[in-house]
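The primary structure of each chain is shown beneath.
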Amino acid sequence: MRIIPAIDIINGRCVRLTQGSFTEKKSYHEHPLDVARKFEDAGIRYLHLVDLDGAQAGHIVHYKILEKIASATNLHIDFGGGIRSAEDLRIAFECGAQQVTAGSVAVNNRNALLNWLKEYGSEKIILGADVRQDKIAIQGWQQQTLTEVTEFIRDYFREGIRWVICTDIEKDGMLQGPSYALYEKIQKEVSEIKLIASGGISSTADLERLQALNLEGAIIGKALYEGRIKLRELTAFTQVQ
(Lines give C-alpha, C1' and ligand atoms only; values in the text may rest on other atoms or scores of the structure.)
Protein backbone atom coordinates (compact mmCIF):
# COMPACT_ATOMS: atom_id res chain seq x y z
CA MET A 1 0.00 0.00 0.00
CA ARG A 2 1.31 3.42 -0.92
CA ILE A 3 1.86 5.73 2.03
CA ILE A 4 1.10 9.21 0.72
CA PRO A 5 1.58 12.27 2.93
CA ALA A 6 -0.46 15.31 1.91
CA ILE A 7 0.60 18.90 1.51
CA ASP A 8 -2.35 21.27 1.11
CA ILE A 9 -1.49 24.81 0.09
CA ILE A 10 -3.21 28.13 0.78
CA ASN A 11 -1.30 31.39 0.20
CA GLY A 12 1.86 29.36 -0.33
CA ARG A 13 1.74 27.73 3.13
CA CYS A 14 1.05 24.18 4.31
CA VAL A 15 -2.39 24.07 5.89
CA ARG A 16 -5.00 21.55 6.96
CA LEU A 17 -8.74 22.10 6.80
CA THR A 18 -11.39 20.42 8.92
CA GLN A 19 -14.19 18.72 6.95
CA GLY A 20 -13.22 20.81 3.93
CA SER A 21 -14.11 24.12 5.56
CA PHE A 22 -11.89 27.02 4.53
CA THR A 23 -12.91 28.79 7.75
CA GLU A 24 -11.52 25.86 9.77
CA LYS A 25 -7.96 26.30 8.55
CA LYS A 26 -4.76 25.66 10.49
CA SER A 27 -1.35 26.64 9.13
CA TYR A 28 1.58 24.35 9.86
CA HIS A 29 4.57 25.44 7.83
CA GLU A 30 5.60 28.38 5.69
CA HIS A 31 7.68 26.39 3.21
CA PRO A 32 6.09 23.35 1.52
CA LEU A 33 9.44 22.32 0.01
CA ASP A 34 10.96 21.88 3.46
CA VAL A 35 8.07 19.63 4.45
CA ALA A 36 8.41 17.59 1.28
CA ARG A 37 12.14 17.12 1.90
CA LYS A 38 11.42 15.84 5.42
CA PHE A 39 9.04 13.28 3.97
CA GLU A 40 11.62 12.13 1.43
CA ASP A 41 14.38 11.97 4.06
CA ALA A 42 12.15 9.62 6.07
CA GLY A 43 11.91 7.19 3.17
CA ILE A 44 8.59 8.39 1.79
CA ARG A 45 8.27 8.00 -1.98
CA TYR A 46 4.88 9.59 -2.68
CA LEU A 47 3.28 12.99 -2.17
CA HIS A 48 -0.30 14.22 -2.53
CA LEU A 49 -0.02 17.95 -3.31
CA VAL A 50 -3.24 19.98 -3.28
CA ASP A 51 -3.64 23.54 -4.54
CA LEU A 52 -6.56 24.70 -2.37
CA ASP A 53 -6.39 28.22 -3.77
CA GLY A 54 -6.65 26.66 -7.22
CA ALA A 55 -9.64 24.58 -6.17
CA GLN A 56 -11.47 27.75 -5.16
CA ALA A 57 -10.29 29.82 -8.12
CA GLY A 58 -11.14 27.17 -10.71
CA HIS A 59 -7.66 27.08 -12.24
CA ILE A 60 -4.17 26.04 -11.19
CA VAL A 61 -2.50 28.62 -8.94
CA HIS A 62 0.50 27.14 -7.11
CA TYR A 63 2.30 25.49 -10.02
CA LYS A 64 5.57 27.12 -8.96
CA ILE A 65 5.46 25.26 -5.65
CA LEU A 66 4.82 22.03 -7.54
CA GLU A 67 7.80 22.80 -9.77
CA LYS A 68 10.07 23.51 -6.79
CA ILE A 69 9.19 20.27 -5.01
CA ALA A 70 9.42 18.19 -8.18
CA SER A 71 12.84 19.61 -9.10
CA ALA A 72 14.31 19.39 -5.58
CA THR A 73 13.05 15.91 -4.60
CA ASN A 74 12.48 12.52 -6.19
CA LEU A 75 8.96 12.23 -4.79
CA HIS A 76 6.25 10.81 -7.01
CA ILE A 77 3.75 13.67 -6.91
CA ASP A 78 0.07 13.51 -7.61
CA PHE A 79 -1.30 17.02 -7.94
CA GLY A 80 -4.84 18.27 -7.54
CA GLY A 81 -6.81 21.44 -7.04
CA GLY A 82 -7.94 23.74 -9.83
CA ILE A 83 -7.39 21.33 -12.71
CA ARG A 84 -10.24 22.44 -14.96
CA SER A 85 -8.73 22.85 -18.42
CA ALA A 86 -6.26 21.27 -20.80
CA GLU A 87 -3.93 24.18 -20.04
CA ASP A 88 -4.08 23.46 -16.30
CA LEU A 89 -3.26 19.83 -17.01
CA ARG A 90 -0.36 20.73 -19.29
CA ILE A 91 1.10 23.08 -16.66
CA ALA A 92 0.82 20.45 -13.92
CA PHE A 93 2.64 17.80 -15.94
CA GLU A 94 5.28 20.23 -17.23
CA CYS A 95 5.95 21.36 -13.66
CA GLY A 96 6.67 17.81 -12.54
CA ALA A 97 3.47 16.05 -11.51
CA GLN A 98 3.54 12.32 -12.27
CA GLN A 99 -0.22 12.04 -11.81
CA VAL A 100 -3.01 14.59 -11.72
CA THR A 101 -6.23 14.28 -9.75
CA ALA A 102 -9.37 15.45 -11.52
CA GLY A 103 -12.48 15.92 -9.42
CA SER A 104 -14.75 18.85 -10.28
CA VAL A 105 -14.05 18.56 -14.00
CA ALA A 106 -15.23 14.95 -13.91
CA VAL A 107 -18.66 16.23 -12.92
CA ASN A 108 -18.80 19.46 -14.91
CA ASN A 109 -16.95 18.53 -18.10
CA ARG A 110 -17.05 14.80 -18.72
CA ASN A 111 -15.83 15.07 -22.30
CA ALA A 112 -12.72 16.97 -21.23
CA LEU A 113 -11.77 14.28 -18.74
CA LEU A 114 -12.32 11.51 -21.27
CA ASN A 115 -10.13 13.36 -23.76
CA TRP A 116 -7.39 13.72 -21.14
CA LEU A 117 -7.64 10.04 -20.39
CA LYS A 118 -7.13 9.21 -24.05
CA GLU A 119 -4.25 11.65 -24.43
CA TYR A 120 -2.30 10.88 -21.25
CA GLY A 121 -3.41 7.35 -20.36
CA SER A 122 -4.96 5.74 -17.32
CA GLU A 123 -1.75 5.81 -15.24
CA LYS A 124 -1.59 9.61 -15.37
CA ILE A 125 -5.15 10.61 -14.50
CA ILE A 126 -6.62 9.98 -11.04
CA LEU A 127 -10.34 10.40 -10.49
CA GLY A 128 -11.02 12.51 -7.42
CA ALA A 129 -14.13 11.21 -5.67
CA ASP A 130 -14.78 13.57 -2.76
CA VAL A 131 -17.76 12.35 -0.79
CA ARG A 132 -20.21 13.81 1.68
CA GLN A 133 -22.96 11.41 2.83
CA ASP A 134 -22.29 9.10 -0.15
CA LYS A 135 -22.70 11.93 -2.69
CA ILE A 136 -19.94 13.61 -4.71
CA ALA A 137 -18.91 17.16 -3.74
CA ILE A 138 -16.96 19.49 -6.04
CA GLN A 139 -15.44 23.00 -6.27
CA GLY A 140 -13.10 22.51 -3.34
CA TRP A 141 -15.86 20.55 -1.55
CA GLN A 142 -18.05 23.65 -1.45
CA GLN A 143 -20.74 22.39 -3.87
CA GLN A 144 -22.78 19.25 -3.27
CA THR A 145 -24.06 17.07 -6.12
CA LEU A 146 -26.67 14.32 -6.22
CA THR A 147 -24.25 11.83 -7.79
CA GLU A 148 -23.75 8.66 -5.74
CA VAL A 149 -20.08 7.80 -5.26
CA THR A 150 -20.04 4.16 -6.43
CA GLU A 151 -22.11 5.06 -9.49
CA PHE A 152 -19.64 7.88 -10.22
CA ILE A 153 -16.61 5.60 -9.93
CA ARG A 154 -18.19 2.71 -11.81
CA ASP A 155 -19.12 4.98 -14.70
CA TYR A 156 -15.58 6.29 -15.11
CA PHE A 157 -14.07 2.84 -14.64
CA ARG A 158 -16.02 1.75 -17.71
CA GLU A 159 -14.42 4.66 -19.57
CA GLY A 160 -10.89 3.62 -18.61
CA ILE A 161 -10.20 5.27 -15.23
CA ARG A 162 -8.12 2.97 -13.03
CA TRP A 163 -6.98 5.21 -10.15
CA VAL A 164 -9.35 6.82 -7.64
CA ILE A 165 -8.70 8.96 -4.56
CA CYS A 166 -11.79 8.82 -2.38
CA THR A 167 -12.06 11.33 0.46
CA ASP A 168 -14.84 11.23 3.01
CA ILE A 169 -15.19 14.94 3.71
CA GLU A 170 -16.91 14.43 7.03
CA LYS A 171 -13.93 12.38 8.22
CA ASP A 172 -11.29 14.75 6.85
CA GLY A 173 -9.25 16.44 9.54
CA MET A 174 -11.26 14.88 12.36
CA LEU A 175 -8.63 12.27 13.38
CA GLN A 176 -11.39 9.77 14.17
CA GLY A 177 -10.53 7.04 11.68
CA PRO A 178 -11.31 6.61 7.97
CA SER A 179 -14.48 5.36 6.28
CA TYR A 180 -13.74 1.65 6.16
CA ALA A 181 -17.32 0.75 5.19
CA LEU A 182 -17.24 3.21 2.30
CA TYR A 183 -14.02 1.74 0.92
CA GLU A 184 -15.27 -1.81 1.32
CA LYS A 185 -18.44 -0.87 -0.55
CA ILE A 186 -16.50 0.70 -3.43
CA GLN A 187 -14.17 -2.28 -3.73
CA LYS A 188 -17.08 -4.69 -3.70
CA GLU A 189 -18.88 -2.84 -6.50
CA VAL A 190 -15.82 -1.84 -8.58
CA SER A 191 -13.35 -4.52 -7.60
CA GLU A 192 -10.58 -3.74 -10.10
CA ILE A 193 -10.19 -0.07 -9.21
CA LYS A 194 -6.93 1.16 -7.66
CA LEU A 195 -8.43 2.85 -4.62
CA ILE A 196 -6.62 5.37 -2.42
CA ALA A 197 -8.19 6.24 0.93
CA SER A 198 -8.18 9.79 2.25
CA GLY A 199 -9.68 11.42 5.32
CA GLY A 200 -9.66 10.60 9.00
CA ILE A 201 -6.48 8.52 9.28
CA SER A 202 -5.22 9.04 12.83
CA SER A 203 -2.88 6.14 13.66
CA THR A 204 -0.77 3.34 12.26
CA ALA A 205 -3.58 1.00 13.33
CA ASP A 206 -5.79 2.78 10.79
CA LEU A 207 -3.13 2.18 8.15
CA GLU A 208 -2.87 -1.50 9.04
CA ARG A 209 -6.62 -1.90 8.74
CA LEU A 210 -6.68 -0.15 5.37
CA GLN A 211 -3.79 -2.31 4.21
CA ALA A 212 -5.78 -5.39 5.20
CA LEU A 213 -8.52 -4.18 2.84
CA ASN A 214 -5.95 -4.32 0.00
CA LEU A 215 -6.26 -0.66 -0.84
CA GLU A 216 -3.78 0.78 -3.30
CA GLY A 217 -2.81 3.65 -1.02
CA ALA A 218 -3.60 5.86 1.95
CA ILE A 219 -3.22 9.63 2.21
CA ILE A 220 -2.15 11.01 5.59
CA GLY A 221 -2.51 14.65 6.53
CA LYS A 222 -3.29 16.10 9.93
CA ALA A 223 -2.14 12.98 11.82
CA LEU A 224 1.42 13.65 10.65
CA TYR A 225 1.30 17.40 11.29
CA GLU A 226 -0.20 16.92 14.75
CA GLY A 227 2.28 14.18 15.69
CA ARG A 228 -0.33 11.42 15.97
CA ILE A 229 1.75 9.43 13.49
CA LYS A 230 5.54 9.81 13.50
CA LEU A 231 7.43 9.60 10.23
CA ARG A 232 9.65 6.88 11.69
CA GLU A 233 6.52 4.76 12.32
CA LEU A 234 5.89 4.62 8.59
CA THR A 235 9.11 2.69 7.90
CA ALA A 236 7.36 -0.67 8.12
CA PHE A 237 4.96 0.45 5.39
CA THR A 238 7.37 2.32 3.12
CA GLN A 239 9.91 -0.53 2.99
CA VAL A 240 7.44 -2.69 1.09
CA GLN A 241 6.21 -0.03 -1.33
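As the structure is a prediction and not an experimental result, all values here were calculated from the model. (Residues numbered from 1 in each chain as written. Predicted model: local features only at pLDDT ≥ 70, side-chain atom pairs only at ≥ 80, totals over all residues. Heavy atoms only, no water.)

(A) Seen up close, the overall build of the chain. On a plain count of helices and strands, the chain comes out with 11 helices and 12 strands. Here the C-alpha radius of gyration of the chain, 16 Å, is about what a compact globule of 241 residues would show, namely 18 Å. C-alpha atoms of the chain, sized along the principal axes, occupy 40 × 35 × 35 Å. Buried positions account for 56% of the 241 residues belonging to the chain. (Helix = DSSP H or I, 4+ residues; strand = E, 2+ residues; numbered from the N terminus. Rg over C-alpha atoms; globule rule 2.2 N^0.38 Å. Buried < 20%, exposed > 50% of the residue type's maximum accessible area, 1.4 Å probe, protein only.)

(B) A look at the packing of aromatic side chains. Taken as a whole, this structure holds three aromatic pairs when the rule is applied. For the pair phenylalanine 152 and tyrosine 156, a centre-to-centre distance of 5.6 Å together with 75 degrees between the ring planes defines the contact as edge-to-face. Taken as a pair, phenylalanine 152 and tyrosine 156 lie in helix H7 (residues 149-158) at a separation of four residues, close to a single helical turn. Across the pair, tyrosine 156 and phenylalanine 152 agree in class, each one buried. (Phe/Tyr/Trp six-rings, centres within 6.5 Å; stacked < 30°, edge-to-face > 60°.)

(C) Seen up close, the environment of isoleucine 153. The topology assignment puts isoleucine 153 in helix H7. The class for isoleucine 153 is buried, based on a relative accessible area of 0%. Residues isoleucine 153 and aspartate 168, 15 residues apart in the sequence, show an inter-C-alpha distance of 14 Å. Aside from chain neighbours lying at most four places away, what touches isoleucine 153 is Leu127, Ala129, Val164, Ile186, Val190 and Ile193. (Contact = heavy atoms within 4.5 Å.)

(D) Up close: unusual backbone geometry. Even without being glycine, glutamine 133 reaches a positive phi, approximately 50 degrees. The topology assignment puts glutamine 133 in the loop between strand S7 (125-132) and strand S8 (135-138). Notably, asparagine 214 is not glycine yet its phi reads approximately 65 degrees, a positive angle. For asparagine 214, a relative accessible area of 63% gives the class exposed.

(E) Local environment of the pattern of salt bridges. Counted according to the given criterion, the structure contains 12 salt bridges. For glutamate 226, the salt bridge identified is with lysine 26, shortest N-O distance 3.0 Å. Note that glutamate 226 is positioned in the loop between helix H10 (222-225) and helix H11 (235-238) and lysine 26 in strand S3 (residues 21-29), a separation of 200 residues in sequence. Under the relative-accessibility criterion, glutamate 226 is labelled partly exposed at 35%. Its salt-bridge partner being aspartate 134, residue lysine 185 comes within 3.6 Å of it at the nearest N-O pair. Placement of lysine 185 in helix H8 (residues 180-189) and of aspartate 134 in the loop between S7 and S8 is noted, with a sequence separation of 51 residues between them. Its relative accessible area of 29% is what places lysine 185 among the partly exposed residues. Aspartate 134 gets classed as partly exposed once you look at its relative accessible area, which sits at 31%. If you follow the salt bridges from partner to partner, you end up with Glu87, Arg90 and Glu94 in one network. (Salt bridge = Lys/Arg side-chain N within 4 Å of Asp/Glu carboxyl O.)

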